[in-house]
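# Structure at a glance
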Amino acid sequence: MSSADLQQISHRRFNPLMREWVLVSPHRTHRPWLGKVEELPAANQLQYDPGCYLCPGNERAGGARNLKYASTFVFDNDYPSLFPDVPNLEVNESGLLVARSEAGICRVVCFSPRHDLTIARMTASEIREVIDVWTTQFQSLEQTGWVRHVQIFENRGASMGASNPHPHCQIWANASLPNIAERELDAFQGHRKSKKSGLLCDYLRIELDRNERTVCQNEAFVAVVPFWAVWPFETLILSKRHLAALDELSSSERDFLADILRRITIHYDNLFKTSFPYSMGFHQRPTDGQPHPEWHFHAHYYPPLLRSATVQKFMVGFEMLGSPQRDITPEGAAALLTQAGEVHYLDRD
Ligand SMILES: [Zn+2]
Ligand SMILES: [Zn+2]
Ligand SMILES: [Zn+2]
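Quick summary incoming for the structure in this document.

Attention shifts here to the overall build of the chain. Summing up its helical and strand segments, the chain has six helices and 16 strands in all. Computed over the C-alpha atoms, the radius of gyration of the chain is 21 Å, within 12% of the 20 Å expected from 2.2 N^0.38 for a compact globule of 349 residues. Across its three principal directions, the C-alpha atoms of the chain cover 60 × 60 × 45 Å. For the chain, the residues scored as buried account for 51% of the 349 residues in total. Sequence-distant contacts, at least 24 apart, represent 68% of the contacts inside the chain between residues at least 6 apart. When the accessible area of the chain is evaluated, it comes to approximately 16,900 Å², of which 53% is carbon and sulfur surface.

Structure follows, in structure tokens:
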């Protein structure tokens, strides 16, 4: 079977990071759509919203007041999911009712004082400031002895559960490794042991060589729709150099990261001419004090949109009970994203 056949025939693809299969049904996009149509989100045009709890100088729900910040702003989440000091608790009944207390730190990072900006509408130097904050946060949380994992993530858009349109992300630092980090760690370590090389270094070489799923790239980073993508327009951002976390990037690599984040989000916005919703986040080495030569720094973008600004993909039925499934092929998705271009649709004449 050649890769051209993969555009026609139902098949399964293996995700080596998660060690699971995704079902691909290329012919299925032809079916008529009678399902849920999302409301188009109202254009977000206010530069400052007096009712927004993230805008500079405003009071938050918990009563604290934001600084009148001019670039980025970090604060501890007023309603955190985790607390740094929890009593030690361990439950184990027959190996079936198993529970442990979990300590953590939850922070919020505002990207900009402007209520109406998104990464796609920020300049590369403004995004670079956000990257510097992420790096400092990663480093200082790593110094906190009991923190074994730092997750930086952004939920963009109401359909991804973002409670506020003001551009911001969250940082959760955990005492233990979350499920996905643990599975990726196993995959990285397994590949290094059996192949004596890096899983994502090897994968990167194939993607750069074939150039079938690449959306954009610069000297230090590439954005691809991974061969095993589950979400229709899912992308993976890979560093071209083998490194494991933000604090290993050189100053110019941080600029290149800003460039790739700006460009991929413009591709997204242009695709359906909307402020494209997504969940994105970085996967960095565990901060457990161990060396992690196997880990390769990367970011995932998981956008829910399928065929227009108003048609979303749902993970239901077979996907909840069997395995993930997609209709449009990753190669088709990469071509559509690439064609969407790099001049933001709101900046075109
Ligand atoms: Zn705001
Ligand atoms: Zn690598
Ligand atoms: Zn990952």
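Inspection of every chain in the model, using the stated rule, returns two cavities of 30 Å³ or more. As a volume, the largest cavity reaches approximately 40 Å³. Thr118, Ile119, Ala120, Arg156, Thr265, Asp269, Ser275, Phe276 and Tyr278 together form the lining of the largest cavity. Across the lining of the largest cavity, the residue classes break down as four nonpolar, three polar and two charged. Approximately 30 Å³ is the volume attributed to the second largest cavity. Taken together, Pro232, Leu306, Lys313, Arg326, Asp327 and Ile328 make up the full set of residues lining the second largest cavity.

The coordination sphere of the zinc ion (ligand 1), as far as protein atoms go, consists of Cys52 (SG), Cys55 (SG), His115 (ND1) and His166 (ND1), spread over 2.0 to 2.3 Å. Viewed at the metal, the four donor atoms of the zinc ion (ligand 1) are separated by angles of 104 to 116°, and the geometry they form is tetrahedral. Taken in sequence order, the residues that donate to the zinc ion (ligand 1) follow the motif C-x2-C-x59-H-x50-H. Taken together, the residues span a long stretch of sequence, with Cys52 in the loop between strand 2 (20-24) and strand 3 (73-76) and His166 in the loop between strand 7 (149-156) and strand 8 (168-174) at a distance of 114 residues.

What follows is about the packing of helix 4 (residues 251-271) against helix 6 (residues 330-339). It is at 8 Å that the axes of helix 4 and helix 6 come closest, and there the two elements cross at 95°. Here helix 6 runs roughly perpendicular to helix 4, going by the angle between their axes. Residues His267, Tyr268 and Leu271 of helix 4 pack against Leu336, Leu337 and Thr338 of helix 6. Taken together, the residues of the contact of helix 4 with helix 6 break down into four nonpolar, two polar and no charged.

Before going further, it helps to spend a moment on the packing of aromatic side chains. Within the structure shown, the criterion is met by 16 aromatic pairs. On the numbers, 4.9 Å between centres and 10° between planes, the contact of Tyr268 with Phe276 is stacked. Of the two residues, Tyr268 and Phe276, both sit in the buried class. For the pair Tyr268 and Tyr301, a centre-to-centre distance of 5.7 Å together with 50° between the ring planes defines the contact as tilted. Of the two residues, Tyr268 is situated in helix 4 and Tyr301 in strand 13 (residues 298-302); the sequence distance between them amounts to 33 residues. When its relative accessible area of 0% is taken as the criterion, Tyr268 is described as buried. The class for Tyr301 is buried, based on a relative accessible area of 2%. Pairwise contacts between aromatic rings join Phe233, Tyr268, Phe272, Phe276, Tyr278 and Tyr301 into one cluster. Across the ring face of Phe227, the terminal group of Arg13 is positioned such that the distance to the ring centre comes to 4.2 Å.

Another aspect to go through is the coordination of the zinc ion (ligand 2). Ideal values for angles at a metal depend on the geometry: 109.5 degrees with four tetrahedral donors, 90 or 180 degrees with six octahedral donors. Distances from the zinc ion (ligand 2) to its protein donors, Cys201 (SG), His242 (ND1) and His296 (ND1), fall within 2.0 to 2.3 Å. You can call Cys201 buried: its relative accessible area is 17%.

Before going further, it helps to spend a moment on the packing of helix 1 (residues 124-143) against helix 4. Working note: a packed helix pair is described by the angle between its axes plus the distance between those axes. Two elements in contact, helix 1 and helix 4, have axes separated by 8 Å at closest approach and are oriented at 120°. Here the hand of the crossing between helix 1 and helix 4 comes out right-handed. The residues of helix 4 that touch helix 1, namely those facing Ala124, Ile127, Arg128, Ile131, Asp132, Trp134 and Thr135, are Ser251, Arg254, Asp255, Leu257, Ala258, Leu261 and Arg262. Its residues assigned to classes, the contact of helix 1 with helix 4 shows seven nonpolar, two polar and five charged.

Quick look at the nonpolar core now. Counting 54 residues, the largest nonpolar core has Trp134, Leu257, Leu261 and Phe282 as the members making the most contacts within it. Non-local contacts of Leu261, meaning those with residues more than four positions away in its chain, are made with Ile119, Ile127, Ile131, Trp134, Met280, Phe282 and Tyr301. Ranked by size, the runner-up nonpolar core spans 18 residues in total, among them Leu17, Val222, Val224 and Trp295.

Moving on, we come to the pattern of salt bridges. Using the criterion set out here, one finds 22 salt bridges in the structure. Of the charged contacts in the structure, one is a salt bridge between Arg13 and Glu331, with a shortest N-O distance of 2.9 Å. In this pair, Arg13 is assigned in strand 1 (residues 11-15) and Glu331 in helix 6, connecting sequence segments 318 residues apart. Each of the two residues, Arg13 as well as Glu331, counts as buried. Residue Arg241 is joined to Glu253 by a salt bridge in which the shortest nitrogen-to-oxygen separation is 2.7 Å.

Reading the values: the criteria
- Residues numbered from 1 in each chain as written.
- Chains lettered and ligands numbered in written order.
- Predicted model: local features only at pLDDT ≥ 70, side-chain atom pairs only at ≥ 80, totals over all residues.
- Heavy atoms only, no water.
- Helix = DSSP H or I, 4+ residues; strand = E, 2+ residues; numbered from the N terminus.
- Rg over C-alpha atoms; globule rule 2.2 N^0.38 Å.
- Buried < 20%, exposed > 50% of the residue type's maximum accessible area, 1.4 Å probe, protein only.
- Contact = heavy atoms within 4.5 Å.
- Areas by Shrake-Rupley, 256 points an atom, 1.4 Å probe, with all protein chains shown as cover.
- 1 Å grid on protein atoms, 1.4 Å probe; cavity = no way out; pocket = protein on both sides within 12 Å on 5 of 7 lines; lining within 4 Å.
- Points joined across faces, edges and corners; volume = space filled by probe spheres on them.
- Nonpolar A, V, L, I, M, F, W, Y, C, P; charged D, E, K, R; others polar.
- Donors = N, O, S within 2.8 Å, 3.2 Å for Na, K, Ca; no water.
- Tetrahedral: all angles 85-135°; square planar, octahedral: opposite > 155°, others 65-115°.
- Axes fitted to C-alpha atoms, helices over the stretch in contact; angles between N-to-C directions.
- Parallel < 35°, antiparallel > 145°, perpendicular 65-115°, else oblique.
- Phe/Tyr/Trp six-rings, centres within 6.5 Å; stacked < 30°, edge-to-face > 60°.
- Lys NZ or Arg CZ within 6 Å of the ring centre and 35° of its normal.
- Left-handed = near helix turned anticlockwise from the far one by under 90°.
- Core = buried A, V, L, I, M, F, W, Y, C linked by side-chain atoms within 4.5 Å.
- Salt bridge = Lys/Arg side-chain N within 4 Å of Asp/Glu carboxyl O.

Any functional reading would require information beyond the geometric quantities listed.
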